[in-house]
Amino acid sequence: MSIDKQVENILKSYELYGGINRAGTESFPNRENVVAVLQDLRCLINPGYKTAETVDMDNLRYITGQRVNRIISMLTKEIQKALVYKKASCDQTANKNSYCYSLAEKAAIALIDEIPELRRQLQLDTHAIYEGDPAAKSDDEVIVSYPGFDAIVIYRIAHFLHTNGIPVIPRIMTEYSHSRTGIDIHPGATIGENFFIDHGTGIVIGETTIIGKNVKIYQGVTLGALSVKKEFMNKKRHPTIEDNVTIYANATILGGDTVIGEGSVIGGNTWVTASVPPHTNYYNK
């Protein structure tokens, strides 16, 4: 078969099966652009750790300003695409592209405004990991090398966008994190301060999970749903973990009505589908 014929057949498949992301504001958000923004955001939160750039007090203002402008410009365009694609916010206006651009720019600026608060939260998360892991030698080591910390950083960025009504972009961010760290946190989950993930590989935290403060989670933990039927998509499907809970490796906790009470310890390899009272040690028997 000639190359021309092969190309023609592929083009026909595009018509038949879709799956094309065309250029322009009505395209779907571009994953590579979202990831580039995410890298800039991570560097804005912890400058000097994630890239080879030299950061000192003489150039920090310049580097920060460059990064902020780049984030706002690129993120605005990707959020605009997401809003136009969703159309829910933009259907009632004569010029949905212009209207969605305005909404997108406001969302991007709001995220930049939130950076100091995100840094405050992440400083607490960093120190929780350092205090909780005897192998950690410093907060700096946690920032530069711990996949659990990376997953928390990206989750907190994505969660802010999710709670501000931005579609698609937060999920691209957390799935990028998932592919890098093996830690799957839905941006819709609610997670309190001083969050500690150790090792991390295989952790799953579902969309409607609520996690309190000072919670520790080890590798292989699943906070999931009892049912994945589509009709339950707008219901609370995932558990609530109250403050000061520790969940050891490979524990599975399921169900929207399941509450793990404050100060409890869930042992490794346990299967939990009912609530656990506060200050309970729950192990396989």
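Note that the structure is a prediction, hence the values are computed from the model and not measured.

On a plain count of helices and strands, the protein comes out with seven helices and 14 strands. Seen along its three principal axes, the alpha-carbon backbone of the protein occupies a region of about 65 × 55 × 50 Å. Within the protein, the proportion of its 285 residues that are buried is 44%. Here the protein displays about 14900 Å² of accessible surface, and carbon together with sulfur accounts for 51% of that area. Looking at the protein, you have 29 positive and 32 negative side-chain charges, and the mean spots of the two groups are 6 Å apart.

Per the stated rule, a full pass over the model turns up eleven salt bridges. With its nearest N and O atoms 3.1 Å apart, the salt bridge here joins Asp40 to Arg67. Separated by 27 residues along the polypeptide, Asp40 in helix α2 (residues 31-45) and Arg67 in helix α3 (residues 60-86) bring together distant segments of the chain. For the pair formed by Asp40 and Arg67, the shared burial category is buried. A salt bridge links Asp125 to Arg156; the shortest N-O distance between them is 2.7 Å. Note that Asp125 is positioned in helix α4 (residues 96-132) and Arg156 in helix α6 (residues 147-163), a separation of 31 residues in sequence. Assigned by exposure class, Asp125 and Arg156 land together as buried. Connected via shared salt-bridge partners are Asp40, Arg67 and Arg70.

Attention now goes to a nonpolar patch on the surface. Together, Ile3, Val7, Ile10, Leu11, Tyr14 and Ile20 give the surface a local cluster of nonpolar side chains, amounting to about 550 Å² of exposed area. By the secondary structure assignment, Ile3 is in helix α1 (residues 3-17). A residue is classified by how much of its surface remains accessible, and Ile3, at 62% relative accessible area, is exposed.

A few words now on the packing of aromatic side chains. What the rule picks out here adds up to three aromatic pairs. Between Phe28 and Tyr85 the ring centres are 4.7 Å apart and the planes differ by 80°, which places this aromatic pair in the edge-to-face class. Highlighted residues: Phe28 in the loop between α1 and α2 and Tyr85 in helix α3, separated in sequence by 57 residues. For Phe28, a relative accessible area of 31% translates into the label partly exposed. For Tyr85, a relative accessible area of 47% puts it in the partly exposed group.

Relative to the helices and strands, Asp150 resides in helix α6. Sequence-wise, Asp150 and Ser177 are 27 residues apart; in three dimensions their C-alpha atoms are separated by 7.6 Å. Setting aside residues up to four positions removed in sequence, Asp150 forms contacts with Arg42, Lys50, Arg180 and Thr181. Polar contacts involving the side chain of Asp150 include one to the side chain of Arg42, which spans 3.1 Å.

The residue Val168 is not glycine, and still its phi comes out positive at about 70°. Phi is positive for Asn250, which is not a glycine, with a value near 65°. Examined against the element boundaries, Asn250 turns out to sit in the loop between β9 (246-247) and β10 (252-254).

Right, let's talk about the sheet that holds strand β6 (residues 216-218) for a bit. If you walk across this open sheet you meet the five strands as β3-β6-β9-β12-β14, and the pairing is parallel. The open sheet is flanked by β3 (196-198) and β14 (281-282), the only strands paired with a single partner. Two strands pair when backbone bridges link them, and β6 and β9 are joined in this way by two bridges, in the parallel orientation. Of the residues in β9, the one forming a bridge with Lys216 is Thr246.

To continue, consider the packing of α6 against helix α7 (residues 169-181). Helix-helix packing: each pair is described by the crossing angle between the helix axes and the interaxial distance. Relative to each other, α6 and α7 sit at 170°, their axes nearing to 8 Å. Classified by the angle their axes make, α6 and α7 are roughly antiparallel. Of the residues in α7, those in contact with Pro147, Asp150, Ala151, Ile154, Tyr155, Ile157, Ala158, Leu161 and His162 of α6 are Ile169, Pro170, Met173, Thr174, Tyr176, Ser177, Arg180 and Thr181. In terms of residue class, the contact of α6 with α7 is built from eleven nonpolar, four polar and two charged.

Attention now moves to α6. With 17 residues, α6 extends 24 Å between its outermost C-alpha atoms, agreeing within 8% with the 24 Å of an ideal straight helix rising 1.5 Å per residue. α6 sits mainly inside the fold: 14 of its 17 residues count as buried. A positive phi of about 80° marks Gly165, the residue just after α6.

What counts as what
- Numbering of residues starts from 1 in every chain and runs along the sequence as written.
- Only residues with pLDDT of 70 or above have their local features reported here, since the model is predicted, and side-chain atom pairs are shown and tallied only from 80 upward, although totals for entire chains, interfaces and linings are computed over all residues.
- Only hydrogens and water are set aside; all other atoms, that is, all heavy atoms of the structure, feed into the side-chain values.
- Helix and strand labels come from DSSP, where a helix needs a run of H or I of at least four residues and a strand needs a run of E of at least two; each type is numbered from the N terminus.
- Between buried and exposed lies partly exposed: a residue is buried under 20% and exposed over 50% of the maximum accessible area for its type, with that area taken using a 1.4 Å probe on protein chains only.
- Reported accessibility uses the Shrake-Rupley method at a 1.4 Å probe radius. Residues are deemed covered only where the shown protein chains occlude them.
- The positive count covers Lys and Arg only, the negative count covers Asp and Glu only, and His and the chain ends enter neither.
- Lysine's charge is taken at NZ, arginine's at CZ, aspartate's at CG and glutamate's at CD.
- Salt bridges are counted wherever a side-chain nitrogen of Lys or Arg sits within 4 Å of a carboxyl oxygen of Asp or Glu.
- Residues form patches when they are more than 30% accessible in relative terms and have no salt bridge. Like charges link within 9 Å. Nonpolar side chains (Val, Leu, Ile, Met, Phe, Trp, Tyr) link within 5 Å.
- Pairing of aromatic rings covers Phe, Tyr and the six-membered ring of Trp, with a centre-to-centre limit of 6.5 Å; geometry is then stacked below 30 degrees between planes, edge-to-face above 60, and tilted otherwise.
- Two residues qualify as a contact provided that any one of their heavy atoms is within 4.5 Å of a heavy atom in the partner residue.
- Polar contacts here mean pairs of N or O atoms no more than 3.5 Å apart (in protein, one a potential hydrogen donor and the other a potential acceptor; neighbouring residues in sequence count only if both atoms are side-chain atoms).
- By the convention used here, strands pair only if DSSP detects at least 2 bridges between them.
- Here an axis means a line fitted to C-alpha atoms, over the contact stretch when the element is a helix, while the angle between two N-to-C directions is reported on a 0 to 180 degree scale.
- The labels follow the angle: roughly parallel below 35 degrees, roughly antiparallel above 145, roughly perpendicular from 65 to 115, and oblique for the rest.
- When residue character is reported, Ala, Val, Leu, Ile, Met, Phe, Trp, Tyr, Cys and Pro are called nonpolar, Asp, Glu, Lys and Arg charged, and the others, Gly included, polar.
- Multiplying one less than the number of residues by 1.5 Å gives the expected span of a helix.

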